[in-house]
Amino acid sequence: MGKYMIRVATGDSLLAGSSNLVQLWLVGEHGETALGKQLRPLRRGNTELEIDVPVHLGRLLLVKMHKHKGLLDSDWFCKWVTVQGPGTQGEVYFPCYSWVQSNETIYLAEGTALKVNDDTRSLFRKYREQEMEDRRKVYRWGSWKEGLILPIAGNTQWDLPRNQRFMEDKDLDFSLSLAKVLKDFAIKGTLDFLSRVRNLEDYKRIFPCGKTALAGRVRESWKEDALFGYQFLNGANPMLLRRSKSLPGRLVLPPEMKDLQSQLEKELQAGSLFEADFSLLDGVKPNIIIFKQQYVAAPLVMLKLEPDGSLSPMLIQLQPPRHGCSPPLLFLPSDPPMAWLLAKIWVRSSDFQLHQLQSHLLRGHLMAEVISVATMRSLPSLHPIYKLLIPHFRYTMEINILARKSLVSECGIFDLVVSTGSGGHVDILQRATACLTYRSFCPPDDLADRGLLDVKSSLYAQDALRLWEIISRRYVERMVELFYKSDTDVKDDPELQVWCREITEVGLLGGQERGFPLSLGSRAQLCRFVTMCIFTCTAQHASTHLGQLDWYAWIPNGPCTMRKPPPTSKDVTEKDIVNALPTLQQARLQMTFTKFLGRRQPVMVALGHHKEEYFSGPEPRAVLKQFQEELAVMDKEIEVRNAGLDLPYEYLRPSVVENSVTI
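Residues numbered from 1 in each chain as written. Predicted model: local features only at pLDDT ≥ 70, side-chain atom pairs only at ≥ 80, totals over all residues. Heavy atoms only, no water.

- As named in an unreviewed UniProt entry, the protein chain is Arachidonate 12-lipoxygenase, epidermal-type-like, taken from Peromyscus maniculatus bairdii.
- Of the protein chain, the UniProt comment under Pathway (unreviewed entry) reads exactly: "Lipid metabolism."
- Among the UniProt annotations of the protein chain, the heading Sequence similarities (unreviewed entry) holds the following wording: "Belongs to the lipoxygenase family." (UniProt positions renumbered as here; feature names shortened; annotations may be inferred.)

In structure tokens form, the structure reads like this:
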């Protein structure tokens, strides 16, 4: 009994308000009361209500809201509700951050995170169960291609739950930017039909001048062995390089190359021999583009780590050996310059395929989608791990549906211009799925397995380890300690165990066979798993996304397709190279989408800087603030380090790492 002051916050976007009436109820431990006034949340900002409540509610548990459907029905985005009144001991915070649609009724719980076992009086049990029942109806697992980890159900963005679709600022930026690049391509791409590439310098015609300083450096230095080797450490795809433990079985050295054999064995013994093996591409059926056959290779590159930290290529084998055939040709730095250059171009084209499909799409986008769908299906909004993870799922489901609809779909960009399109890309994704081990998603394990922990010139490795440590020690562990006081608390949390199993067994199609956990038995296991989820949705995606414009703006450094088969002799001319590279129109289409997808996002949220507050109380806010401070320190240190580097590495700088997979 008494007066309650209620504030209702509408979202900041232009379309967040609604002309429809909204009815509110307060639900306390002693009962429920309807508030006599209805609000019409037309504008951004807060609506304040002062209500006399004639009944004693006791401790407030929930705010119930119902949006009435009018003649002109419009959705409403509610950020949060606060209530102050008898027995509240200040303002009580009820986070929402979701759309309220049609004749929908929603229940908002107070923002203190609560595990199901903490609810000893079962005050919220019915609410949790109903929320999860409703969520599982709208967040359903779909199927895209057989043998691939599962996506959200739906073929278009309109099939998604409203909360997973772009807000209008993101939607407007995406649509207008896409329309602009397609318009430019339609105009300039038509003229490309009349133009032929006669020499390598002709690709300057489509080079986006002034886009990035590094792209200009790549255009100037792409032929150099040092830059070729550097890309395996710190380029667009730093996920393939590994230290050799033995000479690869596929490497067949002819008798006349005894000196090379000795050199390789010497580097192997010294621990300075590295390899990049593209065997995943072996046997992939290449695309046919406008009735012309394209080609795919499966190279092996052996590299030497120099004392100054640079990587020097020692040899390139473009195809694995075939039974009954002569050993494949080996290309060496001492070969005629054009032959060696063509071999390196083949490697760069192969790296383009694995980067875009395995490292970027599968390990970044699709893995983040599995985590997000499983979380929405398994954890109620009261759960501390839900509150911790939800900011890292923003826009992921829609951007992935758009990718499946436009990039890797039938007649999509891959089919139109990439040598592994028209089915080969699906084959690669299916093969790569078998390589999705738990260890490979945890940088301390992945970098140890690949022998990169002590390679100081691997700036990716240094930054990935540092960022993993900050996310794990300064954020996840401190949050987990607030809500799980012992290992028993973890083991006895049924919702947590369902969530873990939903990711591993369902979304990852039996990921336990590749080391992913089926259950979580300790705080340490929980922290590692949650850190893996956050790192995957943020830093791991950034490391393979942000470098696209830098490294692929100069087409010969990352050609999307090859129009001639791999060379079988070392008698190579510049004309042979040009004839193998993409046509000018293919190159322009590659450039068009590289610019569109690789551009810095104007609507972006940096890691750890989401505005939504899902936790109430000072302790979680203090943990987030400390996390942000640690990220700021790392950001400044990278800025200082990069100022002294010939080639700065920016892709894991916290201020440019996005808080979720949004592009």
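There's more to say after this.
Remarks on the pattern of salt bridges
Close approach of charged atoms allows side chains with opposite charge to pair.
And then number 1: Per the stated rule, a full pass over the model turns up 41 salt bridges.
And then number 2: For K137, the salt bridge identified is with E133, shortest N-O distance 3.9 Å. Residue K137 and its partner E133 are located together in helix α1 (residues 125-138), separated by 4 residues, close to a single helical turn.
And then number 3: Relative accessible area serves as the criterion here: at 54%, K137 is assigned to the exposed category. (Salt bridge = Lys/Arg side-chain N within 4 Å of Asp/Glu carboxyl O. Helix = DSSP H or I, 4+ residues; strand = E, 2+ residues; numbered from the N terminus. Buried < 20%, exposed > 50% of the residue type's maximum accessible area, 1.4 Å probe, protein only.)

Here's the deal with the layout of surface pockets
And then number 1: One number sums up the size of the second largest pocket: a volume of about 590 Å³.
And then number 2: What lines the second largest pocket is a set of 35 residues, and nearest its centre among them are L407, I413, F414, F593 and L597.
And then number 3: For the lining of the second largest pocket, the secondary structure elements donating two or more residues are α2 (168-192), α6 (337-378), α8 (396-406), α9 (413-417) and α18 (584-598).
And then number 4: A class-by-class count of the residues in the lining of the second largest pocket yields 22 nonpolar, 11 polar and 2 charged. (1 Å grid on protein atoms, 1.4 Å probe; cavity = no way out; pocket = protein on both sides within 12 Å on 5 of 7 lines; lining within 4 Å. Points joined across faces, edges and corners; volume = space filled by probe spheres on them. Nonpolar A, V, L, I, M, F, W, Y, C, P; charged D, E, K, R; others polar.)

What to know about the UniProt feature "domain: PLAT" (unreviewed entry) in the protein chain
And then number 1: Per the UniProt entry, the sites bearing "domain: PLAT" (unreviewed entry) are residues 2-114 in this numbering.
And then number 2: Structurally, residues 2-114 is divided into 0% helix and 58% strand, and its ends, taken at the C-alpha atoms, are 28 Å apart.

Regarding the environment of A339
And then number 1: Relative to the helices and strands, A339 resides in helix α6.
And then number 2: Of the residues examined, A339 reaches a relative accessible area of 0% and is grouped as buried.

A look at empty space enclosed by the protein
And then number 1: A complete count under the given rule lists 3 cavities of 30 Å³ or more for this structure.
And then number 2: Of the voids in this model, the largest cavity is the one considered here, and its volume is about 40 Å³.
And then number 3: Forming the walls of the largest cavity are W222, K223, F228, L341, K344, I345, R348, P556 and N557.
And then number 4: In terms of residues, the lining of the largest cavity owes the most to one element, α6, which gives 4 residues.
And then number 5: Across the lining of the largest cavity, the residue classes break down as 5 nonpolar, 1 polar and 3 charged.

A few points about the nonpolar core
Taken as a class, soluble globular proteins show a tendency for nonpolar side chains to be buried jointly.
And then number 1: Formed by 173 residues in total, the largest nonpolar core has its most connected members in F232, I385, L467, W499 and M532.
And then number 2: Top contributing element to this core by residue count: α6, with 21 residues.
And then number 3: If sequence neighbours within four positions are ignored, I385 has contacts with L379, V480, Y484, L496, W499, L526 and V530.
And then number 4: With 25 residues, the next largest nonpolar core counts Y4, V22, V63 and I106 among its residues. (Core = buried A, V, L, I, M, F, W, Y, C linked by side-chain atoms within 4.5 Å. Contact = heavy atoms within 4.5 Å.)

A short note on the packing of aromatic side chains
And then number 1: Taken as a whole, this structure holds 20 aromatic pairs when the rule is applied.
And then number 2: Taken together, the aromatic side chains of F166, F174, Y395, F593 and F596 make up a single cluster linked through ring pairs.
And then number 3: Against the face of W99 rests R162, its NZ or CZ located 4.0 Å from the ring centre.
And then number 4: Above the ring of F441, the side-chain terminus of R363 is found at 4.2 Å from the ring centroid. (Phe/Tyr/Trp six-rings, centres within 6.5 Å; stacked < 30°, edge-to-face > 60°. Lys NZ or Arg CZ within 6 Å of the ring centre and 35° of its normal.)

A closer look at the sheet that holds strand β3 (residues 31-39)
And then number 1: The strand order β3-β2-β5-β8 describes an open sheet built from 4 strands, whose pairing is antiparallel. Two strands in the sheet have a free side with no partner beyond their single neighbour: β3 and β8 (105-109). If you compare each strand with its neighbour and ignore which way they point, the axes differ by 20° on average. (Pairing = 2+ DSSP bridges. Axes fitted to C-alpha atoms, helices over the stretch in contact; angles between N-to-C directions.)

Quick word on the UniProt feature "binding site: Fe cation" (unreviewed entry) in the protein chain
And then number 1: Residues annotated by UniProt as "binding site: Fe cation" (unreviewed entry) correspond here to H360, H365, H541 and I663. These annotated residues cover 304 residues of sequence, but their C-alpha atoms sit close together, with the largest distance between any two at 10.9 Å. In the annotated set above, the residues contributing to the lining of the second largest pocket are H360, H365 and I663.
And then number 2: Not counting residues up to four positions away in its chain, the partners in contact with H365 are H360, T396, I399, N400, H541, V661 and I663.
And then number 3: Of note, I663 is situated in the segment after α19 (618-643).

Quick look at the environment of D571
And then number 1: Following the sequence through the fold, D571 ends up in the loop between α16 (548-552) and α17 (574-580).
And then number 2: D571 sits in the exposed class, given a relative accessible area of 64%.
And then number 3: Sequence separation of D571 and P336 is 235 residues, and the distance between their C-alpha atoms is 7.9 Å.

A word on helix α10 (residues 424-433)
And then number 1: In terms of burial, α10 is largely enclosed, as 7 of its 10 residues are buried.
And then number 2: Those residues of α10 lying buried are G424, H425, V426, I428, L429, A432 and T433.
And then number 3: The inward-facing, buried residues of α10 contact α6 and α9.

Concerning the side chain of T375
And then number 1: Locating T375 in the fold gives a position in helix α6.
And then number 2: Look past the residues within four positions of T375 in its chain and what remains in contact with it is R135, Y386, L389, F393 and W499.

Topic: the packing of helix α12 (residues 459-483) against α19
And then number 1: α19 packs onto α12 with a crossing angle of 170° between their chain directions and a minimal axis gap of 9 Å. Relative to α19, the element α12 is oriented roughly antiparallel.
And then number 2: Looking at the contact of α12 with α19 residue by residue, the classes come out as 16 nonpolar, 2 polar and 8 charged. (Parallel < 35°, antiparallel > 145°, perpendicular 65-115°, else oblique.)

Here we look at the pairing of strand β13 (residues 300-305)
And then number 1: Of all 6 residues that make up β13, 5 are buried, and the element is covered over most of its length.
And then number 2: With 5 bridges joining them, strand β10 (residues 273-277) and β13 adopt antiparallel strand pairing. Bridge pairing links A276 to V301 in β13.
And then number 3: Taken together, the 6 bridges between β13 and strand β14 (residues 311-317) define a ladder with antiparallel strand orientation. Of the residues in β14, the one forming a bridge with K304 is S312.
And then number 4: Between the antiparallel neighbours β13 and β14 lie 5 residues, among them G309 with a positive phi of about 95°.

A few points about helix α3 (residues 213-221)
And then number 1: L214, A215, G216, V218 and S221 are the residues of α3 that are buried.
And then number 2: Summarising the contacts, the buried residues of α3 are in contact with α4 (225-234) and α16.

Thoughts on the sheet that holds β13
And then number 1: Judged by pairing direction, the sheet is antiparallel, and its 5 strands sit side by side in the order β9-β10-β13-β14-β15 without closing on themselves. Only two strands of the sheet have a single neighbouring strand rather than two, namely β9 (242-243) and β15 (330-331).
And then number 2: On top of the sheet, α4 reaches β10, β13 and β14; it is set at about 90° to β14, its chief contact.
And then number 3: Sitting on the sheet, helix α5 (residues 258-270) is in contact with β10, β13 and β14, with an inclination near 130° to β14.

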